[in-house]
Amino acid sequence: MSTERSERQCRGSDDCTIMADSDMVPITTRNVDRLSNNVASKEKITVHSRNGKDSSSSQSVKVSCLSAIRKNFENQGISDKASKIILASWRDSTKKQYSTYVKQWFRFCSKRKIDPLQPALNEVLDFLTVLFDKGLSYSTINCARSALSALGIMFNGVTVGSNAKIIRFLKGVFNLRPSEPRYSETWDMFKSFYFITEVIYSLKDLILKLIMLIVLYTACRTQSLFLLCLDNLVKVKDSYTLFYSGLLKQNRPGFNVSFVELFAYPPDRRLCVFTVLKEYLTRTAKACGNSQKIFISYVKPFIKSRF
């Protein structure tokens, strides 16, 4: 993953700030073994010990990203079942982000012959300084800090993310390199009304119009569109209720968004998401096949859309 792409992923990510303390992460029930195998890099990095003693945490080991977290849990006496539940607290996107910086951390430790699970505070600061010297943004370096916290690295019983000097370092990074907004300008949504009020003939135009209306109506993320499904769809006189097939990015304990309601707009049927969705479901009833995803590709064989 390139540096630029990593910055885009970390910027604006809720997970990056939450994961500074791994004890505060919401728990899900995903298949952790499958996710760990998919996300963890197959690249092996030899890590040298700090003191040369023959112990599981300090001897020369070969580590691959999330397997290091498992190893650290094992060293702490945490059972395999409990480790799986803890690892399930990280979403797919978070694991991919952390994987990048965990690999960089192990390379850094390998070159300097540092124990990656029991480093000194100055060594962690040196690693973050290396990232800063590469021109990485505040949000990206903060994501790297969270990745180190996820490894279970602690100083005097405090995780990396909560250490006073690390926090002060990140404040310095922010002052020297302030975060910039993800988008420098916003587009005028009223201009889109000119196009979506036109008569729709093709399936492609119908799909794009429906997507635009749902986005304008709900202000949702792309992920939300992808997770909309036909399971348990509820239709009443003037509304549709659609359910999501998975957890949304903003979902957390105490705040769970599982469905969205789309109401009719009688003043102008051309801008009515209820009317457009009704037409879309009618035209794609046979094309969807066994797929329960609401959006399909407008190119044959009309498989489910991946956005």
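Whatever comes next refers back to the structure up there.
Worth saying up front: this structure is predicted, and the values here are computed from it rather than measured.

Caption draft 1: Local environment of the packing of helix 8 (residues 138-150) against helix 9 (residues 164-176). Between helix 8 and helix 9, the least distance of the axes is 9 Å, while the angle of their chain directions is 165°. In this view, helix 8 runs roughly antiparallel relative to helix 9, as classed from their interaxial angle. Judged by the sense of rotation from one axis to the other, the crossing of helix 8 with helix 9 is right-handed. Taken together, the residues of helix 9 that come into contact with helix 8 (itself represented by Tyr-138, Ile-141, Asn-142 and Arg-145) are Ile-166, Ile-167, Leu-170, Val-173 and Phe-174. The class makeup of the residues in the contact of helix 8 with helix 9 is seven nonpolar, one polar and one charged.

Caption draft 2: Looking closely at the sheet that holds strand 7 (residues 259-263). The antiparallel open sheet is built from three strands, whose spatial order is 5-6-7. Each having just a single partner strand, strand 5 (228-235) and strand 7 make up the two edges of the open sheet. Geometrically, the sheet is characterised by an average inter-axis angle of 30° between neighbouring strands, direction not taken into account. In this structure, strand 5 lies alongside strand 6 (residues 239-244), joined through four bridges in antiparallel fashion. Its bridge partner being in strand 6, Val-234 is matched across the sheet by Thr-241. Docked against the sheet, helix 11 (residues 203-218) engages strand 5 and strand 7, running at close to 105° with respect to strand 7.

Caption draft 3: View of the packing of aromatic side chains. By the definition in use, this model includes seven aromatic pairs. Here the aromatic rings of Trp-105 and Phe-108 are separated by 5.8 Å at their centres, their planes lie at 20°, and the arrangement is stacked. Taken together, the residues Trp-105 and Phe-108, both in helix 6 (residues 92-112) and three residues apart, mark about one turn of the helix. Using a relative accessible area of 0% as the deciding quantity, one classes Trp-105 as buried. In this structure Phe-108 comes out as buried when scored by relative accessible area, which is 8%. With centroids separated by 5.1 Å and ring planes inclined at 70°, the aromatic side chains of Trp-105 and Phe-127 adopt a geometry described as edge-to-face. In this pair, Trp-105 is assigned in helix 6 and Phe-127 in helix 7 (residues 121-133), connecting sequence segments 22 residues apart. Overall, the relative accessible area of 2% leaves Phe-127 in the buried class. Here the aromatic cluster, defined as three or more aromatic residues joined through ring pairs, consists of Trp-105, Phe-108 and Phe-127. In this arrangement the basic side chain of Lys-293 is found over the ring face of Phe-226, its NZ or CZ atom lying 4.1 Å from the centre.

Rules behind the numbers
- Residues numbered from 1 in each chain as written.
- Predicted model: local features only at pLDDT ≥ 70, side-chain atom pairs only at ≥ 80, totals over all residues.
- Heavy atoms only, no water.
- Axes fitted to C-alpha atoms, helices over the stretch in contact; angles between N-to-C directions.
- Helix = DSSP H or I, 4+ residues; strand = E, 2+ residues; numbered from the N terminus.
- Parallel < 35°, antiparallel > 145°, perpendicular 65-115°, else oblique.
- Left-handed = near helix turned anticlockwise from the far one by under 90°.
- Contact = heavy atoms within 4.5 Å.
- Nonpolar A, V, L, I, M, F, W, Y, C, P; charged D, E, K, R; others polar.
- Pairing = 2+ DSSP bridges.
- Phe/Tyr/Trp six-rings, centres within 6.5 Å; stacked < 30°, edge-to-face > 60°.
- Buried < 20%, exposed > 50% of the residue type's maximum accessible area, 1.4 Å probe, protein only.
- Lys NZ or Arg CZ within 6 Å of the ring centre and 35° of its normal.

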